[in-house]
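# Coordinate analysis (summary)
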Amino acid sequence: MKKLALLLFLAYTGTVFAQEKYGPATHQFSISGKIKNPSVITMDSLQHYTISPVGDINVTDHTGAFKHKDEQLKGILLTDILAHTMLDAASPKLYSAFYFTCVGSDGYKVVYSWNELFNTEVGNHVYIIMEKNGVKADQLPECIQMTSMMDMKTGRRYLHNLDKIIVSQAD
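Before going further, it helps to examine the overall build of the chain. When helices and strands are tallied, the chain shows four helices and ten strands. Across the chain, helices and strands are ordered from the amino to the carboxyl terminus as α-β-β-α-β-β-α-β-β-α-β-β-β-β. Here the chain, with 171 residues, has 41% of them falling under the buried criterion. Across the chain, the fraction of contacts at a sequence separation of at least 24, relative to all contacts at a separation of at least 6, is 62%. Approximately 9800 Å² of the chain is accessible, and the part contributed by carbon and sulfur atoms is 56%.

Our next topic: the pattern of salt bridges. On inspection of all chains with the given rule, the structure shows six salt bridges. A salt bridge links Glu131 to Lys136; the shortest N-O distance between them is 3.2 Å. Overall, the relative accessible area of 12% leaves Glu131 in the buried class. When its relative accessible area of 49% is taken as the criterion, Lys136 is described as partly exposed. A salt bridge links Arg157 to Asp151; the nearest nitrogen and oxygen atoms lie 2.8 Å apart. Residue classification places Arg157 among the buried residues on the basis of a relative accessible area of 16%. On the accessibility criterion, Asp151 (17% relative accessible area) is buried. Salt bridges sharing common partners tie together Asp70, Lys132 and Glu142.

We now examine the packing of aromatic side chains. Counted under the stated rule, the structure contains three aromatic pairs. Note on Tyr95 and Phe98: the rings are 6.4 Å apart at their centroids and 90° apart in plane angle, and the pair reads as edge-to-face. Classification of Tyr95 as partly exposed rests on a relative accessible area of 22%. Note on Phe98: relative accessible area 1%, which makes it buried. Between Trp114 and Phe118, the aromatic rings sit 5.4 Å apart at their centres with planes inclined by 25°, giving stacked as the arrangement.

Attention shifts here to the side chain of Ser148. Its location among the elements puts Ser148 in strand 9 (residues 145–148). Reaching out from Ser148, the side chain makes a polar contact with the side chain of Asp151 at a distance of 2.9 Å. When sequence neighbours within four positions are dropped, the list of residues in contact with Ser148 reads Tyr112, Val122, His125, Val126 and Arg157.

Take unusual backbone geometry next. In this model, Asn133 sits at a positive phi of 55°, which is unusual for a non-glycine residue. Within the element layout of this structure, Asn133 appears in the loop between strand 7 (126–132) and strand 8 (135–136). Of the residues examined, Asn133 reaches a relative accessible area of 38% and is grouped as partly exposed.

It is worth spelling out the sheet that holds strand 1 (residues 28–33) at this point. Pairing is mixed across the open sheet formed by five strands, whose spatial order is 2-1-10-5-6. The outermost strands of the open sheet, each flanked by one partner alone, are strand 2 (39–42) and strand 6 (109–113). Ignoring strand direction, the axes of neighbouring strands in this sheet form an average angle of 20°. Bridge count for strand 1 against strand 2 is four bridges, and the pairing is antiparallel. Following the sheet pairing, Gln28 is matched in strand 2 by Thr42.

The rules we used
Residues numbered from 1 in each chain as written. Predicted model: local features only at pLDDT ≥ 70, side-chain atom pairs only at ≥ 80, totals over all residues. Heavy atoms only, no water. Helix = DSSP H or I, 4+ residues; strand = E, 2+ residues; numbered from the N terminus. Buried < 20%, exposed > 50% of the residue type's maximum accessible area, 1.4 Å probe, protein only. Contact = heavy atoms within 4.5 Å. Areas by Shrake-Rupley, 256 points an atom, 1.4 Å probe, with all protein chains shown as cover. Salt bridge = Lys/Arg side-chain N within 4 Å of Asp/Glu carboxyl O. Phe/Tyr/Trp six-rings, centres within 6.5 Å; stacked < 30°, edge-to-face > 60°. Polar contact = N/O pair within 3.5 Å; in protein donor to acceptor, adjacent residues only side chain to side chain. Pairing = 2+ DSSP bridges. Axes fitted to C-alpha atoms, helices over the stretch in contact; angles between N-to-C directions.

See the structure below:
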């Protein structure tokens, strides 16, 4: 009986250590919600966008404490991707009530408002990361990542394994 208990314990702990740090790697993400045409963005389709050098980022936690540094980032502006998404709104006046919930494969969520992305300087600095530390995104365990380079506490909106973007409208 003790041997069986030990065997079950070892099997259980093995699965705990086998869990991925950021959830399953993603090689595509969907855009859905309050839009006219849902879409799926793949690693291949991302290659058709302008990939720009982004620079380096010190990743910090919610207190501002340094966690690590990512260097030589290259990315695609999130607004370039979302610009092809037609919001389901009767008038552009209603765009101010829209927001985007970006969800990682582990369930982590990051939210941006339409105005934040398309009407402030922040939108010019939110990237889908295509290369980090000299490694292409599809070769990273965190695969499709996104970050806001202007955030003061950068880790809060540094999303790993982007799985979907859900477009919603506030009441």
